[in-house]
Amino acid sequence: MKISGYHHLTLSTHGAQEDFDFYTKTLGLHSVKRTVLFDGVLPVYHLYYGSKNGDASTIITTFPFKKPGVYGKRGTNQAKIVMQSIPMGAADFWVNRLNERGIEATRISRFGADRVVFAHPCGIPHELVESPDDPRGPITNDDQGIGKEHGIKGIYGGAVAVTDRTAMDDFMTIALPLEKEADSDEGLVFRVPDDNGIIQRVEVLHEPNEKQGTWTLAGGTIHHMALNTGDEESQMKLRAHIEGLGFTDISEQKDRMYFKSCYVRSPGGALFELAWTVPEGWARDEPADAIGQTLVFPPWFEGKKEELMEGLEEAEFA
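Fair warning: this is a prediction, and the values are worked out from it, not measured in the lab. (Residues numbered from 1 in each chain as written. Predicted model: local features only at pLDDT ≥ 70, side-chain atom pairs only at ≥ 80, totals over all residues. Heavy atoms only, no water.)

(A) Spotlight on the overall build of the chain. When helices and strands are tallied, the chain shows five helices and 16 strands. Expected size for 318 residues packed as a compact globule is a radius of gyration near 20 Å; at 18 Å, the chain falls within 12% of this value. The C-alpha extent of the chain, read off along each of the three principal axes, is 50 × 45 × 40 Å. Contacts in the chain between residues at least 24 apart in sequence constitute 67% of all its contacts with a sequence separation of at least 6. Roughly 13200 Å² of accessible area belongs to the chain as shown, and the carbon and sulfur atoms make up 48% of that amount. One finds the centroid of the 32 positive side-chain charges in the chain at a distance of 1 Å from the centroid of its 48 negative side-chain charges. (Helix = DSSP H or I, 4+ residues; strand = E, 2+ residues; numbered from the N terminus. Rg over C-alpha atoms; globule rule 2.2 N^0.38 Å. Contact = heavy atoms within 4.5 Å. Areas by Shrake-Rupley, 256 points an atom, 1.4 Å probe, with all protein chains shown as cover. Lys, Arg positive; Asp, Glu negative; His and termini not counted. Charge placed at Lys NZ, Arg CZ, Asp CG, Glu CD.)

Given below as structure tokens:
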């Protein structure tokens with residue numbers, strides 16, 4: 001069994017239009033897939049963003065969950081921060097760009113890394129982390145004025161808030177397993193192994209006095225962090241290993257069309273996913289050179305397509 005980097009990060013956001021504009025126009029990512037929530041029958045978009053080709057370690061996915069009275073609560077025992085990697089020296093560019101667009105951004109340092117901190121329009125904290133050892137090429141977007149000197153390279157990691165750092169330490173190092181890199185007053189840092197030498201991490205922040213965050217699918221919260229197992233054999237071996245340790249809150253394999261997934265809750269409650277991409281990948285229902293350009297539905301929703309379309313929020317994905 002093995003893990004090789006992140007597969008994707010998934011958030012529950014709010015409005016579809018503000019979400020699409022934030023990731024494609026402000027951050028310069030590309031639309032990789034536009035589909036709908038596969039679970040249940042609620043008419044909710046599922047939007048994917050990342051590199052132009054949809055490379056696994058670059059993907060951010062969102063459920064724009066703009067439903068009356070349904071909004072999540074950010075807090076402890078929950079995934080807290082989306083972190084993406086940027087080239088060294090690019091932080092000032094992003095501070096200026098974000099502030100010019102009305103998104104408050106500042107620079108901080110944590111665990112020895114310089115970061116730009118800001119928030120998605122729905123409030124989810126984001127960070128752009130200067131990463132000196134990231135071999136990935138930057139995601140450029142000429143239409144949005146983002147070149148290779150400043151472009152986001154992909155996922156740097158995710159930060160999780162917990163009340164019990166010891167239990168999370170055991171889960172990270174024994175169940176997943178990841179390599180612990182740091183243990184200090186700032187929290188814990190775990191290195192996600194990667195076959196391509198990409199530096200990616202899970203950061204654990206000890207927040208015992210914060211209120212409990214929600215775990216439901218609701219706007220304003222991070223839903224899960226997905227790690228890449230590479231193939232089905234590794235996924236199933238890792239699933240059996242985790243369940244055998246007593247972490248029985250783990251799902252059976254689920255078909256996500258473009259990848260296969262299992263979900264497991266960490267001791268505090270933050271949700272992790274074990275995922276691997278099927279051979280067809282993003283080109284399963286769109287041409288490989290035109291992914292993310294049309295709204296697509298899984299086959300099992302074919303009879304509900306019109307009903308779902310009527311309930312989806314109006315948005316211009318351009």
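(B) Region of interest: the packing of aromatic side chains. Taken as a whole and judged by the stated rule, the model has 14 aromatic pairs. Here the aromatic rings of Tyr45 and Phe317 are separated by 5.2 Å at their centres, their planes lie at 90°, and the arrangement is edge-to-face. With Tyr45 in strand β3 (residues 45-50) and Phe317 in the segment after α5 (305-311), this pair connects stretches of sequence that are 272 residues apart. By relative accessible area, which is 7% here, Tyr45 ends up buried. Measuring from centroid to centroid gives 6.4 Å for Phe259 and Trp282, while their planes differ by 75°, and the two rings are edge-to-face. Taken together, the residues Phe259 in strand β15 (residues 259-265) and Trp282 in the loop between β16 (271-277) and α5 connect sequence positions 23 residues apart. The burial state of Phe259 is the same as that of Trp282; both residues are buried. Grouped by ring-pair contacts, the aromatic residues Phe20, Phe22, Tyr23, Tyr45, Tyr49, Phe118 and Phe317 constitute a single cluster. (Phe/Tyr/Trp six-rings, centres within 6.5 Å; stacked < 30°, edge-to-face > 60°. Buried < 20%, exposed > 50% of the residue type's maximum accessible area, 1.4 Å probe, protein only.)

(C) Seen up close, the sheet that holds strand β10 (residues 179-184). With mixed pairing, the eight strands of this open sheet are ordered in space as β6-β7-β8-β5-β9-β12-β11-β10. Two strands close off the open sheet at either side, each with one partner strand: β6 (106-110) and β10. Pairs of neighbouring strands in the sheet enclose a mean axial angle of 25°, with direction left out of account. As judged from the five bridges shared by strand β7 (residues 113-119) and strand β8 (residues 125-130), these two strands associate in the antiparallel manner. Its bridge partner being in β8, Ala119 is matched across the sheet by Pro125. Where helix α3 (residues 165-175) meets the sheet, its contacts fall on β9 (154-162), β10, β11 (187-191) and β12 (201-206), and the angle it forms with β11 comes to roughly 5°. (Pairing = 2+ DSSP bridges. Axes fitted to C-alpha atoms, helices over the stretch in contact; angles between N-to-C directions.)

(D) Representation of the sheet that holds β3. Judged by pairing direction, the sheet is mixed, and its eight strands sit side by side in the order β2-β3-β4-β1-β13-β16-β15-β14 without closing on themselves. This sheet does not close on itself; its edge strands, each paired only once, are β2 (30-36) and β14 (254-255). The pairing of β14 with β15 spans two bridges and is antiparallel. Its bridge partner lying in β15, Lys254 is registered against Ser261. Contacting β1 (6-13), β2, β3 and β4 (59-64), helix α1 (residues 16-26) crosses the sheet at an angle of about 10° to β3.

(E) Molecular detail of the pairing of β10. Both β10 and β11 contribute to a ladder of five bridges, which runs antiparallel. Pairing of Ala182 across the sheet is with Val189, part of β11. Between β10 and the antiparallel strand that follows it, β11, lie two residues.

(F) Looking closely at the side chain of Ser261. Note that Ser261 resides in strand β15. A polar contact of 2.3 Å, which involves the side chain of Ser261, links it to the side chain of Glu273. Filtering out sequence-adjacent residues up to four positions away, Ser261 remains in contact with Gln235, Glu252, Gln253, Lys254, Arg256, Glu273, Leu274 and Ala275. (Polar contact = N/O pair within 3.5 Å; in protein donor to acceptor, adjacent residues only side chain to side chain.)

(G) Examining the nonpolar core more closely. Counting residues in hydrophobic clusters, the biggest one holds 62 residues, and the most contacted among them are Val202 and Phe272. With residues near it in sequence (within four places) discarded, Phe272 still touches Val160, Met168, Phe171, Met172, Leu176, Val202, Met225, Leu227, Cys262, Tyr263, Val264 and Ser266. One finds Phe38, Tyr258, Phe259 and Val296 within the second-largest nonpolar core, a separate group that totals eleven residues. (Core = buried A, V, L, I, M, F, W, Y, C linked by side-chain atoms within 4.5 Å.)

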